[in-house]
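# An overview of the molecular structure
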Amino acid sequence: MAPADAHTDAGTGPAPQADTGAEDTLDLELSEEILALFGEDPPDTGAPHLPPGAPASPASPVPGGAGPAARARPAISRAAASDLLDHPADWRPVATPAGVFQLVPVRLERDLGVLTRWMNDPAVAAFWELAGPEAVTAAHLRPQLEGDGRSVPCLGVLAGIPMSYWEIYRADLDPLARHYPARPQDTGIHLLIGGVQNRGHGVGTTLLRAVADLVLDNRPRCARVVAEPDLRNTPSVSAFLSAGFRFSAELELPEKRAALMVRERIHRAQL
């Protein structure tokens, strides 16, 4: 794959990932919000949640019914529960100006259809280079889902609707580390915004800030969040700057000349 990126509102593509091996899946507890989103009954705490019978969005792969399939507890990949990224499956929802947002680890059987559709959007396909049948997207996802947890693919769920795709990865363990002075626990992000209706309104910038904050909140050993958008993509670089990242360097990657964008914990309150 040629790692490149589109306008941030469409996506920033990944750098080549190292072989992550294969692991089994685990059955983990999910937050009440996600249980509600999947149509399961969370414990009755009196907090508001989506009704189990609520219909799913047409663009959403998440079932809304309360039948046996919807009520079965989903298996979470070992990658999503890995210590390498401090258990992304357990990261809680956050409030943003665009609505409540949560990263939900990808489940292939549930999410492959919608992710394939997003990858075939011309604005995304031009940079992620994953256009084609479901097998193409599945081949990109499986090494992460079955790996050791150094890269975790997630749906971005905004106001109850899956609308973006994210990869949270250990940049210091990634091939990217060969091209910049990586520090232990550096955490990288890739993203794409799946729906045209969510592009061009600053949603990408809002969610970039939210996800960087999620990483720093949930990964106390991580001092920096990094990204590597194509240097020619001025809107993407601008969005990262608006989200509190700073331009650190130009990188000559195998498939693109990139802008190394960094958000540092030490400067978090100022940016």
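Residues numbered from 1 in each chain as written. Predicted model: local features only at pLDDT ≥ 70, side-chain atom pairs only at ≥ 80, totals over all residues. Heavy atoms only, no water.

### Digging into the overall build of the chain
The following threshold applies: Secondary structure follows DSSP: runs of H or I at least 4 residues long count as helices, runs of E at least 2 residues long count as strands, and numbering of each begins at the N terminus. Summary of the burial criterion: residues with accessible area below 20% of their type's maximum are buried, those above 50% are exposed, and those between are partly exposed, where the area comes from a 1.4 Å probe applied to protein chains only. With residues, only the protein chains shown are counted as cover, and all accessible areas are computed by Shrake-Rupley using a 1.4 Å probe.
Looking only at helices and strands, one finds 7 helices and 11 strands in the chain. Considering the chain as a whole, with its 271 residues, one finds that 54% of them fall into the buried category. Of the roughly 11,200 Å² of accessible surface on the chain, a fraction of 56% belongs to carbon and sulfur atoms.

### Comments concerning the pairing of strand β11 (residues 257-264)
Just so we agree on the cut-off: Here, strands pair whenever DSSP counts at least two bridges between them.
Counting buried positions along β11 yields 7 of 8 residues, so the element is predominantly enclosed. In this sheet, β11 lies alongside strand β10 (residues 246-252) in antiparallel orientation, the contact comprising 6 bridges. The residue of β11 that forms the bridge with F247 is M261.

### Observations concerning the nonpolar core
Defined as follows: Throughout this description, the term nonpolar core refers to a set of buried Ala, Val, Leu, Ile, Met, Phe, Trp, Tyr and Cys residues connected via side-chain atoms within 4.5 Å.
Counting residues in each nonpolar core, the largest one holds 32 residues, and the members touching the most others are L103, W166, I168 and I189. For this core, the elements supplying multiple residues, two or more each, are β5 (99-105), β6 (151-158), β7 (161-170), β8 (187-193), α6 (203-218), β9 (224-227), α7 (234-242) and β11. Ranked by the residues each element gives to this core, the list is headed by α6, at 8 residues. Ranked by size, the runner-up nonpolar core spans 18 residues in total, among them V106, W118, V157 and Y165.

### Let's talk about the confidence of the model for the chain
Test applied: Looking at any residue, its pLDDT shows the predictor's confidence there, from 0 to 100. Contacts are assigned to residue pairs that have any heavy atoms within 4.5 Å of one another.
Of all residues in the chain, 71% attain a pLDDT of 70 or more, and the chain-wide mean is 78. Of all the helices and strands in the chain, strand β2 (residues 25-26) carries the lowest mean pLDDT, 32, while β9 carries the highest, 98. Across residues 1-7, where pLDDT falls below 50, the model places 36 contacts with residues more than four positions away in sequence or in other chains. Here residues 15-73 is a poorly scored stretch, pLDDT under 50, and it has 117 contacts once near neighbours within four places are set aside; other chains count.

### Considering the pattern of salt bridges
Under the convention used in this document: Just to be clear on terms, a salt bridge is a Lys or Arg side-chain nitrogen sitting within 4 Å of an Asp or Glu carboxyl oxygen.
Tallied over the entire structure, the rule returns 14 salt bridges. In this structure, R110 and D111 form a salt bridge, with 2.6 Å as the shortest nitrogen-oxygen distance. Bridged by salt links that share partners, the residues D213, D217, R263 and R268 form one connected network.

### Some details on the side chain of R219
Our working rule: As used in this structure description, the phrase polar contact means that two N or O atoms lie within 3.5 Å; if the pair is within protein, one of them must be able to donate a hydrogen and the other to accept it, and residues adjacent in sequence are counted only when both atoms belong to side chains.
Relative to the helices and strands, R219 resides in the loop between α6 and β9. Using a relative accessible area of 0% as the deciding quantity, one classes R219 as buried. Among the polar contacts listed, one links the side chain of R219 to the backbone oxygen of L84, at a separation of 3.1 Å. There is a polar contact of 2.7 Å between the side chain of R219 and the side chain of D86. If sequence neighbours within four positions are ignored, R219 has contacts with L84, L85, D86, W91, R170, Q185, T187 and R265.

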